[in-house]
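# Understanding the architecture of this molecule
Next come the chains, spelled out residue by residue.
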Amino acid sequence: MTARPEPVLRILPDAAAVAAAAAAELAALAARAVAERGRVVLALAGGSTPGALYRRLAEPPCRDALPWHRVELFWGDERMVPPGHPDSNYGMARAVLLEAVPVDPGRVHRIRGEDPPEQAAEDYERELARVLGGAPGGPPPAFDLVLLGMGADGHTASLFPGSPALTERRRWVVAPPAAGPGPRRVSLGPRVLNRARELWVLVTGRDKAATLAAALEGPRDPERLPVQLLAPDAGRLVWLVDRAAAACLARSRRTPA
Ligand code: 6PG
């Protein structure tokens, strides 16, 4: 059994530097994946943090450097709203990134937020199996990269504290009960996330500092801090954070990237 690589923590000066570092790393990862497997299979994150990264990917040099025609694009999770709704993770990526890059529309695999959550989850599982192989419930597919964020409550993707989705061991895609106000969500489950070759968690802002320190340096309690579920089977977990989010980490860890 090969040892699991140690998580990587990169602390960048600010949110713009996090986006720049992620964009540069993503370009290198995409080139490696295409060279090794002929394509790169990505899952985008929702929320606001990755917006700066998507804007960087949509402009030179990344726009012209990435092999967009070899990209299979998925999402880590989705709010159950129509694609044109301001809360749609797909809608945000479409506006900021997809309309600016030559990704093949047939290789954009969104979660259908306009459908009933359970139906959307089943359909997304079937799409994952169609594109990446395998069968729902069987060994999960391996993304080259899953981009994730972290909420101030320690959630990641749409895996929220206390959710039954946190202990899902069979389904690839979950449609957990609503975790509070706002629309229900559909999310990749823990099995698929941890099958990824690379998991990157982008965390910026002082409002996340206490939670990031608890997640990285506190006791393991994934029911309370679902982001602690991120432990790739054989892949690499990378934290890309800014100094504001790193403010509560032990001084020894706060060495800049
Ligand atoms: C979502 C995301 C979610 C997000 C965190 C952080 O759909 O909202 O998947 O997990 O990454 O809530 O959100 P911000 O980047 O907006 O802080």
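One can find the structure itself at the top, above this paragraph.
First, a word on what this report is: a plain description of the structure on this page. If you're wondering where the values come from, they're calculated on a predicted model, not measured in any experiment. Note that residues are indexed from 1 along each chain, following the sequence as it is written. Residue-level local features of this predicted model are given only where pLDDT is at least 70; pairs of side-chain atoms are given and counted only at 80 or more, and the full residue set underlies all totals for whole chains, interfaces and linings. Excluding hydrogens and water, the side-chain values take into account all heavy atoms of the structure.

A few words on helix α5 (residues 117-132). Helix and strand labels come from DSSP, where a helix needs a run of H or I of at least four residues and a strand needs a run of E of at least two; each type is numbered from the N terminus. A helix's residues, less one, multiplied by 1.5 Å, set its expected span. Taking 1.5 Å of rise per residue, 16 residues should cover 22 Å, and α5 covers 22 Å from first to last C-alpha, within 8% of that figure. Classification of residues uses two cut-offs on accessible area relative to the type maximum, computed with a 1.4 Å probe and protein chains only: under 20% is buried, over 50% is exposed, and between them is partly exposed. Buried residues of α5: P117, A120, A121, Y124, E125, L128, A129, V131 and L132, and no others. Any two residues whose heavy atoms approach within 4.5 Å at even a single point are treated as in contact. In this structure, the buried residues of α5 make contact with β2 (40-44), β3 (71-75), β6 (173-174) and β7 (185-188). Immediately downstream of α5, the backbone of G133 shows phi near 90°, a positive value.

Okay, the environment of E217 next. Structurally, the position occupied by E217 is in helix α7 (residues 209-217). With 80 residues separating them along the chain, E217 and G137 place their C-alpha atoms 33 Å apart. If sequence neighbours within four positions are ignored, E217 has contacts with C248, L249, A250 and R253. Among the polar contacts listed, one links the side chain of E217 to the backbone nitrogen of A250, at a separation of 2.9 Å. A 3.5 Å cut-off defines polar contacts: any pair of N or O atoms within that distance qualifies, except that in protein one atom must be a possible hydrogen donor and the other a possible acceptor, and neighbouring residues in sequence count only when both atoms are side-chain atoms.

With that out of the way, let us pick up the site of the ligand. Taken together, 15 residues surround the ligand, and among them S48, T49, H155, A157 and K208 come closest. Here an oxygen atom of the ligand sits 2.7 Å away from a polar atom, N or O, in the side chain of S48. Here an oxygen atom of the ligand sits 2.6 Å away from a polar atom, N or O, in the side chain of T49. For accessible areas, the Shrake-Rupley method is used with a probe of radius 1.4 Å. Any residue's cover is judged against the shown protein chains and nothing else. Considering the ligand on its own, with 410 Å² of exposed area, one finds that the protein chains cover 87% of that surface. Partitioning the shell around the ligand into residue classes produces two nonpolar, nine polar and four charged. We call a residue near a molecule or strand when any one of its heavy atoms sits within 4 Å of it. Residue type decides the class: Asp, Glu, Lys and Arg count as charged, Ala, Val, Leu, Ile, Met, Phe, Trp, Tyr, Cys and Pro as nonpolar, and the leftover types, Gly among them, as polar.

The next point concerns the pattern of salt bridges. Definition used for salt bridges: Asp or Glu carboxyl oxygen within 4 Å of a side-chain nitrogen of Lys or Arg. Applying the stated rule across the entire model yields 20 salt bridges. Across the pair R37 and D144 runs a salt bridge, and its minimum N-O distance is 2.6 Å. Taken as a pair, R37 in helix α1 (residues 15-37) and D144 in the loop between α5 and β5 (145-148) lie far apart in primary sequence, 107 residues in all. Residue classification places R37 among the partly exposed residues on the basis of a relative accessible area of 36%. Note that E198 is salt-bridged to R236, the shortest N-O span being 3.1 Å. Of this pair, E198 sits in strand β8 (residues 198-203) while R236 is found in strand β9 (residues 236-242), placing the two residues 38 residues apart along the sequence. Here E198 falls in the buried class, since its relative accessible area comes to 11%. Residue R236 is classed as partly exposed on the basis of its relative accessible area of 27%. Shared partners join several salt bridges into a network, and the residues in it are R10, E25, E198 and R236.

Note that every value here comes from positions in space, so none of it alone points to a role or purpose.
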